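# Topology and contacts: notes
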Amino acid sequence: MALRNEDKGVVPESRNRVPTSDLLTFSPSYLLFFALAFVYLWLAVEPHLIYYSFGTILPDAPQFAGGWAFLRDCAGTPGGLVAYTSGWLSQGFYRSWLGAVEIVLAGLCIAELSRRHLARAGLRRASIPACLPAIAMFLIYSQYKHPLIPCLAVSLGLLLSLVFERWALRQPLVRIAACCLLAAVGFCIGGGGTLLLFVVLTAIWRLLAHRDWLTTCVALPAGVAIAWLLAEYAFLIPGGQALASLAPFSPVLMVGMDTPLKVLMCLLYAATPLAVLLALIGRNLLVRWKHKAKPVAKKTKAKDRHIPAKRKTAPLWAFAKASLSALPIALMAVGLYLGRDELRKPYVLSNCYSRQGRWDRILDLNRRLPKDRNNPFVNHDLIRALYHTGRLPYDLFRYPLNPHALLLTHEQRESDLTQQKLCNIFLELGHVNMAEKLASELLATKSHFGPALEKLGWISIIKGHPETARVYLNALRRDLVHRGTAESLLRGLDRGFTPEQAAYFDRIHSCMWEQTTAITGTEPVDETLTALLERNPHNKMAFEYLMACHLLTGQVDQIAKNIHRLADFDYQGMPTLYEEAMLVYYGSRQMTVDLAGTGIRPETFQRYLTFVRVQSTLQPHNQQDVLARLIRDFGSTYFFYYSFGRVGLQ
Amino acid sequence: MSCRPRAIGQCREAGKTPTISPDYAGVTVPANIAPLNFRILDAGRAYLVVIRSDQGQPIRVFSKSGQVRIPLRDWHALLDANRGKDIFFDVHVQDADRQWTRFLPIANTVAQEDIDGTLVFRFMKPLYNWWRQIGVYQRTLADYDTSVLLHGRSFGGGCLNCHSFVGNKPDTLSIALRSATHGSDTLLAHDGVVDRIGAKWGYTAWHPSGALAVYSINKVTQFFHAGGMEVRDVADLDSALLCYRVEDRKATSPKDLADKDRLETYPAWSPDGRYLYYCSAPILWKDRNTVPPENYDKVRYDLRRIAYDAARDQWGRAEMVLSAEQTGRSILLPRISPDGRFLLFCMCDYGCFPVYQPSSDLYIMDLASADRQFHKLSVNSEFSESWHSWSSNSRWIAFSSKRQGGLFTRTYLSYVDSEGIAHKPFVLPQRDPTYYDSLLETYSVPELVSGPIRVSPSRLAHASRSRPSVTPAIPITGASPKAAPSDPWKERE
């Protein structure tokens, strides 16, 4: 197509064509950046931690299930197919290396599409700015978020815009129709985010590269209008909501993100259009400047003729080139440094370990955490780990504690993560119906959620409802990761369970609440645990949790009231923390302690006396010293916790 | 899988009927029902099913997987030609040694009467405090065609329920909406036009004339059971019945239907419009805010009715039809057959929400008998049966049953003969015979209507987000202060 007057700044079409070699060239630094990103993501971020966060820490992470029904449901909303694809790819995060590969490939895809746009806009060394969206995406992943859906939506928008540019349709009507078609397709597949990117990029290309006002003023609004109509009449959702789907200003996309992350998310969307815009404006300005400067240019050329060519390849230029090539790596490093948070990974790591039942790892993790901060969920996992390693009545006060952590009572409205953790612990405690309630609520708010389905399968078997269990397990078979568990349990239903499975069912069943007592789920923690103990006095978990609850809330009288239950278990003597609590109880009532009768060890009693003696020396003038000594010698005892309301940690 | 006929040589005789899923053996089906696709559970490497009757060509279905998918046209032709007769399913299974075994035929009956052509139902996962996907759908019973009428995503992920019709006619539809974003109101669709009424209707019964509807307002609360099969329970802390006149756009509360000391709910009109049947129970708690209320497990509803003179718009006095004291159970969900002969209801141990009561069973009362005899239907299972509706010819019922394990509600259809005897029910057929094996959603509140709903889903969707076009004054004010609900079970005004 012949363009009009070059003096107007319109770039001749021949210059729009980028040499094939440029389109296919990958600079080594470009590949090095992605290789390093892969190593970092695989070994430092560990995408399998993100996998275990799906549906809970990342409540809106895409889910996936096999079968046509799930695909049909996904296709019924704008952006659903991108979400479906993202969900499928996300299953790969179960293995860290595979997740890292997928993230890097997604980054490569978006970078390559950006690069082609920028190359087409005349930016010859487009690799570097093209990496910006990928950098943004990798940085978001380093914060344990999951931007795969927006990445795919952006990629699709970039691709559709490139396709439209490549078509180079001459007939205006055909061009308009093609634009509308691509807009509609992009909207259906990638939602409002894809549509936005396609519209913005196409507008930029049409106006700045082709002066095509017709397409910009007619086709693009028509494309948006078609999307609106599709939303209202085909998808049956509000047009505004649909257009905002997967768009950077969608609240769903930004949920749980702080400002820096939101900026990165916007960069993911905006980097390429902005770069193309600047490149085209710059190119147009350059063309105009060159036209105006032509006579002068001839004179300067005469001067330049005498400049030896070698000066253009001076070491300075090589250094600058190398520095520019390393820019993506440098930007990534700076981003990682600025966004570092020493508690972020432990948070997801603890969640992962608790899901896997790796209790020793949780204890190791907590030993390394800063002593002055704690997180209720990490604390909750810690308490559970202490129970499973048999250390709950001994080591509870060696760690910073949050009293709400026991049964996660810190939220007014239970988050998905709380629901999942409570479901797990209630099932272990024998509070099976509440576990079922929580798992069902998790499932009801998601299109598919493997962990909840698995729990419901177990629960139905425990409650003696095999038909219901089969429904859950048949649905779970569509889950790529949990399929094996589903088939194992289905086999068990048909042919008998393994000894381990049977033992587990028996144990839970023996603790299971049988009376149809009406509850709301907001009962006090100790009331619930006491009721479970009434149901089965040998419910060790309920006992230790009940005692932990009383310890954390300073109810030493309740400790004394329940201490007789020790006889129902196989403890070798009274656990240390219970001894200490009993001594506090006796001391607070100035009662005489009969060591032989109570089972308290003499050394514990001596330690108590020492604590009391040291504490009694506490005066305003020596507060620091005495406190330091108390922390050093008694920081992890109940004596200290009861007296000062906190754990004494150095 | 193929439905091409295959020749079979010699067959062994199994001497028993095959095991199939779903259970479509010994049922009575209408001629206009979709094919009863099923799966043969007996092990084999190939399967052949021959469906035959007195008239018409037999249908042969061959399968390698055991899934039997019957061709639609042939199925309807066969059924249509054999109304009132039996149809037989001859099942043959080829074992690993390529030996065919023939089972005893499965015998089903084709009824003379058709069933209404469309089923409207609510589709969602078992509901606790939170949800995401709730929709009301319509399904053509002659095939598997299912389409959405209204979905919660159309109005901010809201809840919708209590869809009801005038008689079995699809022209007038009301649906109640609950949405934190767009409010809790009621959509009224009539002849393709949709109005939004600024009032939250609960269980709704349309007068046969279509001129008025009686609906419940309920202060519903959900709680749970620490043990036992069913985790959920529901109680109405308070409830009453109101009457909405379409022409006047006004709501009134007849005295007997809004007693301050009683709970009134589940209205149902007699087909002649002369009586409104409803359920009523005394309030057994002083505090109408505590959850669960005291004595919640002692609440038992009576079945009552009140006369209504449509011409004068006058209500009579309420009279007892069946008392809870007499039955020892809570009587709920009265629905009268369109011919006025039978009253179908359910009874459970206590309470107002039979779908959460495994003890809930379906009963039928013969209104033509002098002493209103009633009996328990044979269609019941050990789990909850409820949410029943009649077809327009009074010969078919659709109801919700949890017989598949006790949790998931499925829609069952049953033929009711002129003596009020219900024949063995069958689950709503699906194209995929394994559909229910992994279906996590429930089919709730099945309503039979005579034809497809004509109002477009987009109109309903738009109306669900619009402002009310009608705002009737509510003649009843709540005793408790108004407060924004924090969950869907709390009443809002």
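Within any chain, residue numbers begin from 1 and follow the written order of that chain's sequence. Here the convention is simple: chains get letters from A, ligands get numbers from 1, in the order in which they are written. Given that this is a predicted model, residues contribute local features only at a pLDDT of at least 70 and side-chain atom pairs are listed and counted only at 80 or more, while totals for whole chains, interfaces and linings are drawn from all residues. Each side-chain value is derived from all of the structure's non-hydrogen atoms; neither hydrogens nor water enter the calculation.

### Observations concerning the overall build of chain B
Helix and strand content of chain B: 3 helices and 34 strands. Here the globule rule reads 2.2 Å times residues to the power 0.38, and the radius of gyration is calculated from C-alpha atoms. A compact globule built from 493 residues would reach a C-alpha radius of gyration of about 23 Å, and chain B, at 24 Å, matches this within 12%. Principal axes of the C-alpha set define a box for chain B whose edges measure 80 × 50 × 50 Å. Residues counted as buried form 61% of the 493 residues belonging to chain B. Here, two residues are considered to be in contact whenever any of their heavy atoms come within 4.5 Å of each other. When contacts within chain B are restricted to residue pairs at least 6 apart in sequence, long-range pairs at least 24 apart make up 59% of them. In the form shown here, chain B has an accessible surface area of approximately 18,900 Å², with 47% of it arising from carbon and sulfur atoms. A run of H or I in DSSP counts as a helix once it spans at least four residues, and a run of E counts as a strand once it spans at least two, with each numbered from the N terminus. Residue burial is assigned from relative accessible area. The probe radius is 1.4 Å, only protein chains are included, and a residue is buried under 20% of its type maximum, exposed over 50%, and partly exposed in between. Computed with a 1.4 Å probe, the accessible areas rest on the Shrake-Rupley method; for each residue, only the protein chains presented here act as cover.

### Quick look at the interface of chain A and chain B
Taken together, the contact between chain A and chain B spans 41 residues of the former and 39 residues of the latter. Taking both sides of the interface into account, the surface hidden between chain A and chain B amounts to around 3,400 Å²; carbon and sulfur atoms contribute 59%. Salt bridges are counted wherever a side-chain nitrogen of Lys or Arg sits within 4 Å of a carboxyl oxygen of Asp or Glu. Where chain A touches chain B, the interface holds 1 salt bridge. Glutamate 232 of chain A serves as the salt-bridge partner of arginine 465 of chain B, at 2.8 Å between the closest nitrogen and oxygen. Polar contacts, as counted here, are pairs of nitrogen or oxygen atoms within 3.5 Å of one another; within protein the pair requires one atom able to donate a hydrogen and one able to accept it, and residues that are adjacent in sequence qualify only if both atoms are side-chain atoms. Linking chain A with chain B are 16 residue pairs in polar contact (both at pLDDT 80 or more). Of all the elements in the fold, those that place two or more residues in the side of chain A that touches chain B are helix 12 (213-235), helix 23 (432-444), helix 25 (466-476) and strand 1 (518-519) of chain A. Residue polarity is assigned by list, with Asp, Glu, Lys and Arg as charged and Ala, Val, Leu, Ile, Met, Phe, Trp, Tyr, Cys and Pro as nonpolar; anything else, Gly included, falls into the polar class. Residue classes in the side of chain A that touches chain B are distributed as 14 nonpolar, 16 polar and 11 charged. As judged from the 2 bridges shared by strand 1 of chain A and strand 19 (residues 212-225) of chain B, these two strands associate in the antiparallel manner. Directly across from alanine 518 of chain A, in strand 19 of chain B, lies its bridge partner histidine 225 of chain B. What gets called buried area is simply the loss in accessible area from a 1.4 Å probe that two parts show on being joined, summed for both. For two strands to count as paired, DSSP must find a minimum of two bridges between them.

### Here we look at the pattern of salt bridges
Under the criterion given, the structure shown has 56 salt bridges over all chains. Lysine 298 of chain B serves as the salt-bridge partner of aspartate 297 of chain B, at 3.7 Å between the closest nitrogen and oxygen. Judged by its relative accessible area of 32%, aspartate 297 of chain B is partly exposed. Under the relative-accessibility criterion, lysine 298 of chain B is labelled partly exposed at 48%. Several salt bridges converge on common partners, so that one network encompasses Glu165, Arg175, Arg206 and Asp212 of chain A.

### With respect to the domain arrangement of chain B
Residue and element names in this part refer to chain B. As used throughout, domain bounds are those supplied by an automatic or database domain assignment. As far as domains go, chain B holds domain 1 (5-110) and domain 2 (118-464). For domain 1 and domain 2, the distance between their C-alpha centres works out to 36 Å. Contacts between the two partners involve 23 residues from domain 1, matched on the other side by 21 residues from domain 2. Viewed at the interface, domain 2 and domain 1 are joined by 3 salt bridges. Aspartate 23 is the partner of lysine 424 in a salt bridge, and the nearest nitrogen-oxygen pair spans 2.8 Å. For the side of domain 1 that touches domain 2, the secondary structure elements donating two or more residues are strand 3 (28-29), strand 4 (38-40), strand 7 (67-68) and helix 1 (72-81).

### Brief notes about the sheet that holds strand 25 (residues 314-322) of chain B
Residues and elements named next belong to chain B. With antiparallel pairing, the 4 strands of this open sheet are ordered in space as 22-23-24-25. Strand pairing shows two members of the sheet lacking a second neighbour, strand 22 (262-269) and strand 25, which therefore form its edges. Across this sheet, the average inter-strand angle for adjacent strands is 30 degrees, counted without regard to direction. Pairing analysis gives 6 bridges linking strand 24 (residues 302-309) to strand 25, with the strands arranged antiparallel. Residue pairing for strand 25: isoleucine 306 is matched across the bridge by alanine 318. Each axis is a line fitted through C-alpha atoms, and for a helix only the stretch in contact is used; angles between axes span 0 to 180 degrees, taken between their N-to-C directions.

### Description of unusual backbone geometry
Only a minority of non-glycine residues have a phi that is not negative, and only a minority of peptide bonds are not trans. Residues and elements named next belong to chain B. Of note, the amide linkage connecting serine 21 to proline 22 takes the cis form, showing an omega dihedral of -5 degrees. For proline 22, the position within the fold is in the loop between strand 2 (20-21) and strand 3. In this structure, the amide linkage connecting valine 291 to the following residue, proline 292, adopts the cis form with an omega of -10 degrees. Mapped onto the elements of the fold, proline 292 is located in the loop between strand 23 (275-282) and strand 24. Despite not being glycine, tyrosine 266 has its phi angle at roughly 55 degrees, a positive value. With respect to the element layout, tyrosine 266 can be found in strand 22.

### Observations concerning a nonpolar patch on the surface
Residue and element names in this part refer to chain A. A cluster of nonpolar side chains, namely Val39, Trp42, Leu43 and Trp97, defines an oily patch on the protein surface of about 410 Å² accessible area. For the nonpolar patch, the leading source of residues is helix 3 (residues 28-45), giving 3 residues. Of note, valine 39 is situated in helix 3. A residue counts toward a patch only above 30% relative accessible area and without a salt bridge, and it is joined to like-charged neighbours within 9 Å or, for Val, Leu, Ile, Met, Phe, Trp and Tyr, to nonpolar neighbours within 5 Å.

### Topic: the nonpolar core
The biggest cluster of nonpolar side chains holds 197 residues, and the ones touching the most others in it are Phe138, Leu396 and Phe397 of chain A. The dominant element in this core, judged by the number of residues it contributes, is helix 11 (residues 172-209) of chain A, at 17 residues. The contacts of phenylalanine 397 of chain A, once residues within four sequence positions are left out, are Leu551, Leu552, Leu577, Gly635, Ser636, Thr637, Tyr638, Tyr641 and Val647 of chain A. Trp75, Phe89, Val93 and Val110 of chain B belong to the second largest nonpolar core, which has 82 residues in total. For the purposes of this section, nonpolar cores are sets of buried Ala, Val, Leu, Ile, Met, Phe, Trp, Tyr and Cys residues that join through side-chain atoms within 4.5 Å.

### With respect to the environment of threonine 522 of chain A
Residue and element names in this part refer to chain A. As for its position among the elements, threonine 522 is in the loop between strand 1 and helix 28 (525-535). Along the backbone, threonine 522 and glycine 496 are 26 residues apart, and their C-alpha atoms lie at a distance of 37 Å. At a separation of 2.7 Å, a polar atom in the side chain of threonine 522 contacts the side chain of threonine 520.

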